Amino acid sequence: MGSIVVSCFLLLSGLCAFADGSALGCLAEIFPEETWVQLGTFGDAFRIAHMTCVALGHSAETCQEVTGQPFERFSKRMAGPIQVDERLCGDLTAAFAKVISSATTLPVAVADKIQSSQQQVGRSFLERSKRCVSAGLDCEAAEVGSSSAPAEAEQWCPGLLDWLHREEGFGPEGYHVICLQPAAPSGRVPRGKIPAWVFRNASGLGAERAALPRPWRSFRAELQRRARLRPSGRWELHPWQLFDIQGKVVEDMRGALGASLLLAFEGGEFQYPAVHLGFRREVGLGRAVTLTTVALRPVAFLVQGALSRKEARTLQKLARPRLNQSQVLQLDPVAGAAQRDPRTSSSTFLPEEDVVVDVLNRSRHLLRVLGRQEGVQVVRYRKGQRYAAHWDYFDPKLFRKQKDVAGRLTHRRNRLATLLFYLSNTSKGGATAFPMAYGASRPLDPEDCEPWLQVPASKGTGLLFYNLHADGRPDVSSNHAGCKVEDGEKWAANIWAWNSKIQEVLDPDFDDEL
C-alpha cells in the first residue's frame, strides 16, 4: 500500500484520456489507476491524499492542514461524487509541493513531474512580472484571479479587497485576514460573541463566517483555531501577531473592535501583501508614496515618492569621500572550494545626521519596524562591477563554524526586508534581478542576469522586497543580484529591517549580506 500511496500524487497535464477514468477528468492523472475504484467522492480523494502525505513522513496534523486546504471549498459536497475540477488538481499539486522536499521515498518520476508543473506555473507568472516592469508598471490589464469576498464582509470592512490575495497562485504563506462586524453608529457594541469573517491565507475562497468570544485570551484562542495559525514554537518563531491596516500591533479587545479589519501574521511581523501584480497601494508618510507590486514570489514592490531626487544627490555626496571596497561576510569554508569575491563595488554606512536621519525615519515608518533596522549603506558600482546572486537573510546552517554569527541568529532572528533606493540612473545594466523568482532553481551562473526578472535602476525610485515569508521562514526566491553595470555608474542606498525587537546587527563596519 505504501508504494501505491506514495505514487498516487502524479501531475496533471490536462484532461485524462483514460476511458475508465473519464469521470475523474484531470484527477485521474493524480491518482493511479489502482486507486480509481476507491475514488467515488471528494472525501475519498482527501483520505488518499492524506495517506500520501503521512507516508512521506509528515505528521497527521501537518497532513490535515496541507491536504485539507484544496478541499475546503467542497466542505458541503465532500460526500458527493467527484466531478472534473482542474482547479482542485492544481491546488493538490501546489499543496504537495510543500511537503515532498523532505520525502526520500518519493519516486523520481513523480518528483520530476511535480517540479516541471511548478516551473511551468512559475514561468507564466515570471513572464507577467517581466511585462509589468517593462510596461512601466502599467499592468492593471493583466489577468487577475477573482477572489471576491462575501458582500457582508465588504460592507463591514470597506477596502477589504485591498488586503486579500487576488491571484490564482503564489498566495501568501502565514498571512490571514479577519473582518469584524463594526460597532453601531451610536458606538454601542452588541453583547455576546462578535460576528466575523475569517479569510485563511488571505483568500476569498477560504472565507468562513465565525462568532468570536469577547475576552481577549479567548478571542485569540478561537482565532488561532479558526485560521489554523501556527503556534510560535512550530518554526521557533516569535508569537503570531494581529495588526491593523496601519501596521500597528493590536493587543487588546478595544484595539480589535476599533480596527475592525485585522491582519494576522504568523511570523509576528507586519508585511505588505502583494494582492496581485500591478496592485498600487498609497502609504501615508506625509508625502505621496506608492507601492506597486512587481512580483509575488518574492513579494516585491517598486517604491515611488519615498526619496526625492535632491535627497538622492545629497546621500551620494555624503558617501563619496567615505567609500571603501565592499566587504562580504564569508560563509563557512568548504574543503576544496575556492572563496570567490561575489562583489566588486565600493560602499559605506553613513552617520545618522542631517538628511540621513530623515531618510531613516521615513523608512522606519514605511516598513513599520521602528527601532529594528540598520543604518543607510550607500553603494557605488562602476562600469563592469556587479554583485552576484545572493540572499540578504542569514542561513544558520552556513555559519555553524562561526559562533559569533550563529549565536545572533537564534530564535529565527533574521533580516525581514530589504529597502533599496536608486540614487542615480544607469544607462545600461545595473538592474536588480531575481534569478529564483517563482520557484526557479538556483542559477548555475550567478552573474548572468539576462533570463531573470529585472527591476532597472531609476533615480529616486526604490525597491522593497521581503526576505522572509509571512510565517517567518526564509524565502529562497528572494535571492537577488546587482547586474553588471555596462555603461556609466550606479549609486544605490540599502536599508535592512530585522524581524526582532532585540536586533543585534552584525559587524557594522562590514556589509553583512550573503
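In this report, the structure presented in the accompanying data block is examined. All values derive from a computational prediction rather than experimental measurement. (Residues numbered from 1 in each chain as written. Predicted model: local features only at pLDDT ≥ 70, side-chain atom pairs only at ≥ 80, totals over all residues. Heavy atoms only, no water.)

Turning our attention to the environment of Asn324. Relative to the elements of secondary structure, Asn324 occurs in strand β9 (residues 324-325). What makes Asn324 exposed here is its relative accessible area of 52%. What Asn324 contacts, discounting residues up to four positions off in sequence, is Ser345, Ser346 and Ser347. A distance of 3.3 Å separates the side chain of Asn324 from the backbone oxygen of Arg322, its partner in a polar contact. (Helix = DSSP H or I, 4+ residues; strand = E, 2+ residues; numbered from the N terminus. Buried < 20%, exposed > 50% of the residue type's maximum accessible area, 1.4 Å probe, protein only. Contact = heavy atoms within 4.5 Å. Polar contact = N/O pair within 3.5 Å; in protein donor to acceptor, adjacent residues only side chain to side chain.)

To continue, consider the state of the cysteines. Evaluation of the coordinates by the stated rule reveals two disulfides. There is a disulfide in this structure between Cys157 and Cys179, and the S-S distance comes to 2.1 Å. Classification of the bridge connecting Cys157 and Cys179 rests on its S-S torsion, roughly 105°, and on that basis the disulfide is right-handed. Here Cys179 lies in strand β1 (residues 175-180) and Cys157 lies in the loop between α7 (151-156) and β1, a separation of 22 residues in the sequence. A relative accessible area of 0% means that Cys179 is categorised as buried. Note that Cys449 is cross-linked by a disulfide to Cys483, the S-S spacing being 2.2 Å. Its S-S torsion of about -110° marks the bond between Cys449 and Cys483 as left-handed, since a negative value means left-handed. Separated by 34 residues along the polypeptide, Cys449 in the loop between β15 (432-434) and β16 (453-455) and Cys483 in the loop between β18 (480-482) and β19 (485-487) bring together distant segments of the chain. There is no split in this pair, since Cys449 and Cys483 are both buried. (Disulfide = S-S within 2.5 Å.)

Moving on, we get to the sheet that holds strand β13 (residues 415-422). The sheet built from nine strands is open, its strands ordered β6-β7-β8-β17-β13-β20-β11-β10-β9 with antiparallel pairing. Looking at strand neighbours, the two that pair on one side only are β6 (280-284) and β9, the edges of this open sheet. Alignment of β13 against strand β20 (residues 490-498), held across seven bridges, turns out to be antiparallel. Its bridge partner being in β20, Leu420 is matched across the sheet by Asn494. Set on the sheet, helix α11 (residues 355-367) makes contact with β6, β7 (288-296), β8 (299-304), β13, β17 (462-466) and β20; between it and β13 the angle comes to about 130°. (Pairing = 2+ DSSP bridges. Axes fitted to C-alpha atoms, helices over the stretch in contact; angles between N-to-C directions.)

Our next topic: the packing of aromatic side chains. Across all of its chains, the model carries 15 aromatic pairs by this definition. Ring geometry for Phe46 and Phe71: centres 5.8 Å apart, planes at 75°, overall edge-to-face. Within this pair, whereas Phe46 is found in helix α3 (residues 42-55), its partner Phe71 is found in the loop between α4 (60-68) and α5 (86-97), the two being separated by 25 residues in sequence. The pair formed by Phe46 and Phe71 is uniform in burial state, with each residue classed as buried. Here the aromatic rings of Phe125 and Tyr438 are separated by 5.7 Å at their centres, their planes lie at 25°, and the arrangement is stacked. With Phe125 in helix α6 (residues 108-134) and Tyr438 in the loop between β15 and β16, this pair connects stretches of sequence that are 313 residues apart. Chaining the aromatic ring pairs together yields one cluster made of Tyr175, Phe243, Phe265, Phe270, Tyr272 and Phe301. Here the basic side chain of Arg415 rests over the ring of Trp496, its NZ or CZ set 4.0 Å away from the ring centre. (Phe/Tyr/Trp six-rings, centres within 6.5 Å; stacked < 30°, edge-to-face > 60°. Lys NZ or Arg CZ within 6 Å of the ring centre and 35° of its normal.)

Here the idea is plain: a probe the size of a water molecule rolls over the atoms and shows the empty space left. Per the counting criterion, the structure on display carries four cavities of 30 Å³ or more. Here the lining of the largest cavity is composed, by residue class, of 14 nonpolar, four polar and three charged. (1 Å grid on protein atoms, 1.4 Å probe; cavity = no way out; pocket = protein on both sides within 12 Å on 5 of 7 lines; lining within 4 Å. Points joined across faces, edges and corners; volume = space filled by probe spheres on them. Nonpolar A, V, L, I, M, F, W, Y, C, P; charged D, E, K, R; others polar.)

A few words on the packing of α3 against α4. For any two helices packed against each other, the geometry comes down to the angle between their axes and how far apart the axes lie. The contact between α3 and α4 brings their axes to 9 Å, and the two run at 135°. In this view, α3 runs oblique relative to α4, as classed from their interaxial angle. Two packed elements cross with a definite hand, and for α3 against α4 that hand is right-handed. Across the interface between the two elements, Phe46, Ala49, His50, Cys53 and Val54 from α3 touch Ala60, Cys63, Gln64, Thr67 and Gly68 from α4. In the contact of α3 with α4, the residues fall into six nonpolar, four polar and no charged. (Parallel < 35°, antiparallel > 145°, perpendicular 65-115°, else oblique. Left-handed = near helix turned anticlockwise from the far one by under 90°.)

Pairing is antiparallel across the open sheet formed by four strands, whose spatial order is β12-β18-β15-β16. Every other strand in the sheet has two partners, leaving β12 (387-390) and β16 as the edge strands with one partner each. Going across the sheet, the axis of each strand differs from the next one's by a mean of 20°, ignoring polarity. Where β15 and β16 come together, three bridges link them in antiparallel fashion. If you follow Thr432 over to β16, its bridge partner there is Val455.

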